[in-house]
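The residues making up each chain are set out below.
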Amino acid sequence: MLNRRHIRVKVMQSIYAMHQNGSDSIEKQEKFLLYSADNILDLYLVMLSSLIEIGKKEALFIEKSAQKHTATSQEKNPNKKFINNSILQLLSNNNSLKSALIDRKINHWELHDEYLKILTEAIKESDLYKKYMSNETNNFEEDKQFILNIFTDIIVPNDKFYEFLEDNNLTWIDDIPVVNTHIVKQLNSIKSNKDTSFSLPKIYKDQEDKEFVSDLFKKTVLNEVEFAKEFVDKTPNWDSERIAELDTIVLKMAICEFLKFPSIPVKVTINEYLEIAKEYSTPKSSIFINGILDNLVKEFSTKNKLNKIGRGLI
C-alpha cells in the first residue's frame, strides 16, 4: 500500500518534526516513523469498515421500524436492496477483515456512531441512492458500482468524516488519498459475489521497501551536516536562512539517495523529490531544488561519487 514516494514523504515529515522539536533522539523519531507507516493499515480498516457498519446500521433501522406498533405497510415490507448489496455482504463476511478489525482493536464506530448517522443520511438523501433503490432486485455489477459511487462521491468527500479522521490521528491526513485509491482498486477488482480473493493489503510491497523507511531516515539524519555542505555553496543568491526548511530536508534526502543508495537511479530520485516539493513546499521550491540537484549530479559524476549499480543513471 505504501509506495516509495509516500515513504519519502513520511521520512521527510519525521525529519522536519525532529527539527521543530529540537530532538536529537534518532531512535525515538524512528520509532514514531515506523508507527506512522504501520498505522496506515488502521486507517484502511476504519475507511473500509465504514461501509460495513453503515450497512449494519441500516439493517438495524429497518428491523426496528418493522417492529413498531405503528409501522406502515412500507416499513413492514421494506426494500432491502441496500442491506442485501452483494459487496456489503462480501465485506461483512470476510474472515481476514473480521480478524484484522479485532486484532488491531478497530472499534471507532462503536465510540463514534454519530458519524455513521451523518454518512448514512447523506447516502439516503442522494440521487445515487434513490436511483439504486428504484427497484428491489440485486444485480452484482450494479451493486458494485453503487458501493464505489457512494464511497468516492459521498463518504470520502464528507467534511465531517474528514474531521473525524483528522482528530483521531494526525498521521492519517497524508495517508487518506493512498488508502482511498487502494480501496477503490480493490473494490473494482471484485469479480462476483462469490469472489474470495479480497484480502488485507500489505503495508509494504516487499522487504526492501520496509527497510528503505529506516535506512533513508537514519542515513539522512546521521549525515545532515555533511549533506548540507554539498549544496551550501550552490546557492549564492540565497541566504541559508531564507531557504525553506522543507527544501533543505528534501535536498539532503536527495543527496542521501545519490550517495548512499546505489540501486536507485538518479532520475528517479530527482523526479520524486521535485514532485514532493511541488506538493509540500513553496511554489518556487521545485525550480530551486531542480537547479541544485542538476548541478550536484554533474559535480558528483565528475568526481566519480555516483556509484550506481543496476539501471544506475538510466
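Heads up: the structure comes first, above all this text.
Per chain, residue numbering runs from 1 following the sequence as it is written. In view of the model being predicted, local features appear only for residues whose pLDDT reaches at least 70, and side-chain atom pairs are presented and counted only at 80 or more, with totals across whole chains, interfaces and linings using the full set of residues. The side-chain figures draw on all heavy atoms in the structure; neither hydrogens nor water molecules are used.

(A) Highlighting the environment of F261. Counting from the N terminus, the helices are the DSSP runs of H or I reaching at least four residues and the strands are the DSSP runs of E reaching at least two. Positionally, F261 belongs in the loop between α15 (245–260) and α16 (266–280). F261 sits 49 residues away from F212 along the chain, and the two C-alpha atoms are 9.5 Å apart. The contact definition used throughout considers only heavy atoms, calling two residues in contact when any of these lie within 4.5 Å. Residue contacts for F261: discarding those within four places in its chain leaves F212, D215, L216, K219, C256 and K308.

(B) Main features of the packing of helix α2 (residues 26–38) against helix α3 (residues 40–67). It is at 4 Å that the axes of α2 and α3 come closest, and there the two elements cross at 25 degrees. Put simply, α2 runs roughly parallel to α3. Contact residues: S36, A37 and D38 in α2; I40, L41 and D42 in α3. Split into classes, the residues belonging to the contact of α2 with α3 amount to 3 nonpolar, 1 polar and 2 charged. Whenever a helix is involved, its axis is fitted only over the stretch in contact; in every case the axis is a line through C-alpha atoms, and angles between N-to-C directions fall within 0 to 180 degrees. Roughly parallel refers to an angle under 35 degrees, roughly antiparallel to one over 145, roughly perpendicular to one between 65 and 115, and oblique to any angle outside these ranges. In this count, Pro and Cys sit with the nonpolar residues alongside Ala, Val, Leu, Ile, Met, Phe, Trp and Tyr, while Asp, Glu, Lys and Arg are called charged and the others, Gly among them, polar.

(C) Quick look at the side chain of T120. Secondary-structure assignment places T120 in helix α8 (residues 113–124). Given a relative accessible area of 9%, T120 falls into the buried group. For T120, the contacting residues outside a window of four places in its chain are I54, K57 and E58. Residue burial is assigned from relative accessible area. The probe radius is 1.4 Å, only protein chains are included, and a residue is buried under 20% of its type maximum, exposed over 50%, and partly exposed in between.

(D) Main features of a negative patch on the surface. A patch consists of residues exposed above 30% relative accessible area that lack any salt bridge, with like charges linked at up to 9 Å and nonpolar side chains (Val, Leu, Ile, Met, Phe, Trp, Tyr) linked at up to 5 Å. The accessible surface values rely on the Shrake-Rupley method and a 1.4 Å probe; as for residues, cover is taken only from the protein chains in view. What counts as a salt bridge is simple: a side-chain nitrogen of Lys or Arg found within 4 Å of a carboxyl oxygen of Asp or Glu. Charge counting treats Lys and Arg as positive and Asp and Glu as negative, with His and both chain ends excluded. Charged groups are reduced to one reference atom each: NZ for lysine, CZ for arginine, CG for aspartic acid, CD for glutamic acid. There is a patch of like negative charges on the surface, built from D159, E163, E166 and D167. Within the element layout of this structure, E163 appears in helix α11 (residues 159–168).

(E) View of the nonpolar core. Membership of the largest hydrophobic core comes to 93 residues, with the highest contact counts inside it found for Y44, L51, L91, L165, L187 and F198. It is α3 that contributes the most residues to this core, 11 residues altogether. The residues touching L91, leaving out its near neighbours within four places in the chain, are L48, L51, I52, L97, L187 and F198. Residues enter a nonpolar core if they are buried and are Ala, Val, Leu, Ile, Met, Phe, Trp, Tyr or Cys, with the set joined through side-chain atoms within 4.5 Å.

(F) Here's a closer look at the pattern of salt bridges. This model, assessed by the stated rule, comprises 18 salt bridges. Taking the shortest distance from any N to any O, the salt bridge between R4 and D209 comes out at 2.5 Å. With R4 in helix α1 (residues 4–21) and D209 in helix α13 (residues 207–222), this residue pair connects regions lying 205 residues apart in the sequence. Among the ionic contacts, a cluster of salt bridges with common partners joins R5, R8, E257 and E272.

(G) Representation of the packing of aromatic side chains within the structure. Only rings of Phe, Tyr and Trp enter the pairing, Trp through its six-membered ring, and a pair is recorded when the two centres are within 6.5 Å. The plane angle decides the type: under 30 degrees is stacked, over 60 is edge-to-face, the rest tilted. Per the counting criterion, the structure on display carries 10 aromatic pairs. Ring centres of F161 and F164 lie 6.2 Å apart, and the angle between their planes is 15 degrees; on these two criteria the pair is classed as stacked. Of this pair, F161 and F164 both sit in helix α11, 3 residues apart, which is roughly one turn of the helix. Pair check on accessibility: F161 and F164 agree, each one buried. The rings of F82, Y129, Y132 and F146 are connected pair by pair, giving a single aromatic cluster.

(H) How the structure looks around α15. Over its 16 residues, α15 runs 22 Å from end to end, which matches the ideal 22 Å to within 8%, given 1.5 Å per residue. Among the 16 residues that make up α15, 13 are buried, leaving the element largely enclosed by the rest of the structure. What a helix should span is 1.5 Å times the count of its residues minus one.

(I) Looking closely at the environment of I52. Relative to the helices and strands, I52 is located in helix α3. In this structure I52 comes out as buried when scored by relative accessible area, which is 6%. Excluding residues within four positions of it along the chain, I52 makes contact with L91, S92 and L97.

(J) View of unusual backbone geometry. Phi angles above zero are rare outside glycine, and K105 is one such case at about 55 degrees. Note on placement: K105 falls in the loop between α6 (95–103) and α7 (108–111). Positive phi outside glycine occurs at N304, with the angle close to 55 degrees. The residue N304 is located in the segment after α17 (285–302) in this model.

(K) Just α16, in detail. Counted at 1.5 Å a residue, the expected span for α16 with its 15 residues is 21 Å, and the 21 Å between its end C-alpha atoms agrees. Within α16, the full set of buried residues consists of V266, T269, I270, E272, Y273, L274, I276 and A277. Buried positions along α16 lie against α1, α13, α15 and α17.

(L) Broad picture of the packing of α1 against α15. Orientation of α1 relative to α15, taken along the N-to-C sense of each, is 125 degrees, at an axis distance of 10 Å. What the angle tells us is that α1 and α15 run oblique. Two packed elements cross with a definite hand, and for α1 against α15 that hand is right-handed. For the pair α1 and α15, the contacting residues are R8, V11, M12, I15, Y16, H19 and Q20 in the first and E245, L246, I249, V250, K252, M253 and E257 in the second. Here the residues of the contact of α1 with α15 are counted per class, giving 8 nonpolar, 2 polar and 4 charged. Each helix crossing is assigned a hand: it is left-handed if the near helix lies turned anticlockwise from the far helix by less than a right angle, otherwise right-handed if that turn is clockwise.

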